[in-house]
Amino acid sequence: MADRTAVYPGTFDPITLGHLDIIQRGSRLVDRLVIGVTTNPSKEPMFTVAERLAMVQREIAGMANVKVVEFDSLLMDFAEREGAAMILRGLRAVADFEYEYQMAGMNQQLNDRIETVFLMADASLQPIASRLVKEIARYGGCIAPFVTPAVAADVGAKLPAR
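All of these numbers come straight from a predicted model, not from anything done at the bench.

Asks: Looking at this structure, I do not really get the pairing of strand 3 (residues 66-70). What am I missing?
Replies: Within a regular strand, the side chains alternate between the two sheet faces. Examined bridge by bridge, strand 2 (residues 32-37) and strand 3 share five bridges and lie parallel to one another. When the sheet's bridge partners are listed, isoleucine 35 is paired in strand 3 with valine 68. The handedness of the strand 2 to strand 3 crossover, carried by helix 2 (residues 49-59), is right-handed.

As structure tokens, this is what we get:
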């Protein structure tokens, strides 16, 4: 039987405890989990792709069946290249579901051999969003409840001294 591979795509700008929860739980469902770090033209990233790759690699160190790669293509093309049978997506709220449902439908039209699988975020992590983490940090708030200490340091290093 072939290995079951999933891809978990995102910008991870920065990677949060919510992302890590989905990665840890998703990695238990598949033989191989590929985290695809990409850019989103509609978002203004705090970190370069190389910085985000390094950050995610550091945070998943020790997870034997997880690897991190950069991609800049259609998600379904990336998934096909990685030999994935599924796309892993995390859901926090109803608003996420509406967007993700539409994306899953479009992706199915592009390649109906790859399924989209949704994991609900842990209830304690549902409010966490990278966009909000950056906003809190920019205004001098504490982001420790939302990211690892190393990521908090990475974010702090990107901000002007207050």
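Asks: Where do I start with the nonpolar core in this structure?
Replies: As a rule of thumb, nonpolar side chains are buried together in soluble globular proteins. With 32 residues, the main nonpolar core has Ile15, Ile23, Leu33, Ile35, Val56 and Ile60 as its most contacted residues. Counting only elements with at least two residues in this core, the list comes to strand 1 (5-10), helix 1 (17-27), strand 2, helix 2, strand 3, strand 4 (86-91), helix 5 (130-138) and helix 6 (149-158). Considering each element in turn, this core owes the most residues, four residues, to helix 2. Each residue touching isoleucine 15, except ones within four places of it in the same chain, is listed here: Leu20, Ile23, Met55, Val56, Glu59, Val147 and Val151. If you look at the next biggest cluster of nonpolar residues, it comprises 11 residues, including Val69, Leu75, Ala79 and Ala84.

Asks: Sorry, what's going on with the packing of aromatic side chains here?
Replies: Any pair of aromatic rings gets described here by the distance separating the centres and the angle formed by the planes. Throughout the structure, instances matching the rule amount to four aromatic pairs. Ring centres 5.4 Å apart and planes at 75 degrees place the aromatic pair tyrosine 8 and phenylalanine 12 in the edge-to-face group. Judged by its relative accessible area of 1%, phenylalanine 12 is buried. Aromatic ring contacts, followed pair by pair, group Phe97, Tyr101 and Phe118 into a single cluster.

Asks: What am I meant to see in the pattern of salt bridges here?
Replies: If the charged atoms of two oppositely charged side chains come close together, the side chains can form a pair. A complete count under the given rule lists nine salt bridges for this structure. For glutamate 82, the salt bridge is made with arginine 32, and the minimal N-O distance between the two is 3.5 Å. In this pair, glutamate 82 sits in the loop between helix 3 (75-81) and strand 4 while arginine 32 sits in strand 2, placing the two residues 50 residues apart along the sequence. The shortest N-O distance in the salt bridge between glutamate 80 and arginine 113 comes to 3.1 Å. On the criterion of sequence distance, the pair formed by glutamate 80 in helix 3 and arginine 113 in the loop between helix 4 (94-110) and strand 5 (115-120) is long-range, its members being 33 residues apart. Note on glutamate 80: relative accessible area 42%, which makes it partly exposed. One connected set of salt bridges, linked through shared partners, spans Arg32, Lys67 and Glu82.

Asks: Is there a simple way to explain the layout of surface pockets in this structure?
Replies: Leftover empty space is mapped by rolling, across the atoms, a probe with the size of a water molecule. Of the pockets and cavities examined, the largest pocket occupies roughly 1,400 Å³. Lining the largest pocket are 49 residues, with Gly10, Thr11, Asn40, Lys43 and Arg89 positioned closest to its centre. Listed by contribution, the elements that provide at least two residues to the lining of the largest pocket are strand 1, helix 1, helix 3, strand 4, helix 4, strand 5 and helix 5. It is helix 4 that provides the largest number of residues to the lining of the largest pocket, a total of nine residues. Residue classes in the lining of the largest pocket are distributed as 23 nonpolar, 13 polar and 13 charged.

Rules of the game
- Residues numbered from 1 in each chain as written.
- Predicted model: local features only at pLDDT ≥ 70, side-chain atom pairs only at ≥ 80, totals over all residues.
- Heavy atoms only, no water.
- Pairing = 2+ DSSP bridges.
- Helix = DSSP H or I, 4+ residues; strand = E, 2+ residues; numbered from the N terminus.
- Right-handed = clockwise from strand over helix to strand, strands pointing away.
- Core = buried A, V, L, I, M, F, W, Y, C linked by side-chain atoms within 4.5 Å.
- Buried < 20%, exposed > 50% of the residue type's maximum accessible area, 1.4 Å probe, protein only.
- Contact = heavy atoms within 4.5 Å.
- Phe/Tyr/Trp six-rings, centres within 6.5 Å; stacked < 30°, edge-to-face > 60°.
- Salt bridge = Lys/Arg side-chain N within 4 Å of Asp/Glu carboxyl O.
- 1 Å grid on protein atoms, 1.4 Å probe; cavity = no way out; pocket = protein on both sides within 12 Å on 5 of 7 lines; lining within 4 Å.
- Points joined across faces, edges and corners; volume = space filled by probe spheres on them.
- Nonpolar A, V, L, I, M, F, W, Y, C, P; charged D, E, K, R; others polar.

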